[in-house]
Amino acid sequence: MQLRELFVPSAINLDLAAETKDEALKELVSCLGLDGKSEGILYKMLKRRENLGSTGIGRGIAIPHCRSLVVTRLRVAFGRKLSGLDFKAIDEKPVRYVFLIVAPPLEVSNQYLPVLGKIAQFGKEADVPESLAELSSPEQFIELLEAKDL
Amino acid sequence: MDQQLELLLEIQDLRMQRRELTDGSLTDLEAEVFDVKIEDAIQSLDEKVEELEQRLGRGIRARYRRIADKAPRVVAPVINGICYGCFVAVSTARASEADRNLRVESCEYCGCFLYHVR
Ligand SMILES: [Zn+2]
């Protein structure tokens, strides 16, 4: 399974309205098309994970993630906020690129860990923040993943 | 959704998170990529779970303890009428759309609390 097959255009937002970390998490959760109650539960879980330590891994990238019963399959979303969000990231720099990953407790194909690992690796590549800054459409985001053979 | 069921869901998700930090599957990734202090994280999750457990009603808490002490899964998702705790179909009488998640139900086969996933 390639990363690009998991991202649907409706869950790629290159211009988040969010001004804060919490708002960004809510906005990305709302891309997944869940009902309101499930969105609330998922948001709470993501917050609880952030309380264990920020998922901002540095260089403007954050990867909030969790498992929850409210989803039936692995879901991902990408959000960009060029003016930056205070995410309490490891390097204390503002976060501009947010990759959301949520998975059900049981997955037939066990994709959660490999997907989390792949996105973390992608986020560490030297040219990635700049490439993400230059995107002008969700399609280009997919093309970027394709160029990286992800 | 029933408030007690929502609490149970939260507890279940946190227990899952804790298990993944301790059984090795997520430990390295969380420690190395996200710089999580694993022991602190486990302690913090334990405290949170305990706090939520206190908010369960007496009857439900007793049922919860019976399951939680012997199995990792307390709440099982029901997807397309199948309990994913034991992979047996839950009886159709209780699978009606309108009643879903409005009260706390248990699977008659495996004992798990049931959460109907849309
Ligand atoms: Zn069952």
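Residues numbered from 1 in each chain as written. Chains lettered and ligands numbered in written order. Predicted model: local features only at pLDDT ≥ 70, side-chain atom pairs only at ≥ 80, totals over all residues. Heavy atoms only, no water.

> Is there a simple way to explain unusual backbone geometry in this structure?
Negative phi values dominate among residues other than glycine, just as trans dominates among peptide bonds. All names here are of chain A. Positive phi, close to 55°, is recorded for lysine 88, a residue that is not glycine. Along the polypeptide, lysine 88 turns up in the loop between β5 (75–85) and β6 (95–103). Among the residues examined, lysine 88 registers a relative accessible area of 61% and is labelled exposed. You will see that aspartate 149, though not glycine, has its phi angle at about 60°, which is positive. Examined against the element boundaries, aspartate 149 turns out to sit in the segment after α5 (138–147). (Helix = DSSP H or I, 4+ residues; strand = E, 2+ residues; numbered from the N terminus. Buried < 20%, exposed > 50% of the residue type's maximum accessible area, 1.4 Å probe, protein only.)

> How should the coordination of the zinc ion be read in this particular structure?
Geometry reference: four tetrahedral donors at a metal, ideal angle 109.5 degrees. Six octahedral donors, ideal angles 90 or 180 degrees. Residues and elements named next belong to chain B. Ligation of the zinc ion by protein atoms is provided by Cys83 (SG), Cys86 (SG), Cys107 (SG) and Cys110 (SG), these donors lying 2.3 Å from the ion. Taken together, the four donor atoms surrounding the zinc ion define angles of 106 to 113° at the centre, an arrangement classified as tetrahedral. The sequence motif formed by the donor residues of the zinc ion is C-x2-C-x20-C-x2-C. Here cysteine 107 lies in the loop between β3 (88–89) and β4 (113–116) and cysteine 86 lies in the loop between β2 (82–83) and β3, a separation of 21 residues in the sequence. Under the relative-accessibility criterion, cysteine 107 is labelled buried at 4%. (Donors = N, O, S within 2.8 Å, 3.2 Å for Na, K, Ca; no water. Tetrahedral: all angles 85-135°; square planar, octahedral: opposite > 155°, others 65-115°.)

> What is the right way to read the packing of aromatic side chains from this model?
Any two aromatic rings considered together are summarised by their centre-to-centre distance and by the angle between their planes. Overall, the coordinates contain six aromatic pairs over all chains when judged by the stated rule. On the numbers, 4.9 Å between centres and 75° between planes, the contact of Phe7(A) with Phe141(A) is edge-to-face. Linking Phe7(A) in the segment before β1 (12–13) with Phe141(A) in helix α5, this pair joins segments that are 134 residues apart in sequence. Each member of the pair, Phe7(A) as well as Phe141(A), carries the same accessibility label: buried. Put simply, the rings of Phe7(A), Phe78(A), Phe99(A), Phe122(A) and Phe141(A) touch in pairs and so form one group of aromatic residues. When the ring centre of Phe34(B) is taken as origin, the NZ or CZ atom of Arg49(A), which lies over that ring, is 5.5 Å away. (Phe/Tyr/Trp six-rings, centres within 6.5 Å; stacked < 30°, edge-to-face > 60°. Lys NZ or Arg CZ within 6 Å of the ring centre and 35° of its normal.)

> Explanation requested: the domain arrangement of chain B in the structure shown.
Interface size is often expressed as the accessible area that is lost when the parts come together. All names here are of chain B. Each assigned domain of chain B is listed with its residue range as follows: domain 1 (3–68) and domain 2 (75–116). The straight-line distance from the C-alpha centre of domain 1 to that of domain 2 is 22 Å. Listed per partner, the contact involves nine residues of domain 1 and eleven residues of domain 2. Both faces combined, the contact of domain 1 with domain 2 buries some 860 Å², and carbon together with sulfur accounts for 77% of it. On the domain 1 side of the contact with domain 2, Leu5, Arg63 and Ile67 bury the most area, a combined 56% of that side's loss. Across the contact surface, domain 1 and domain 2 share two residue pairs in polar contact (both at pLDDT 80 or more). (Domains from an automatic or database assignment. Contact = heavy atoms within 4.5 Å. Buried area = accessible area lost by both parts, 1.4 Å probe. Polar contact = N/O pair within 3.5 Å; in protein donor to acceptor, adjacent residues only side chain to side chain.)

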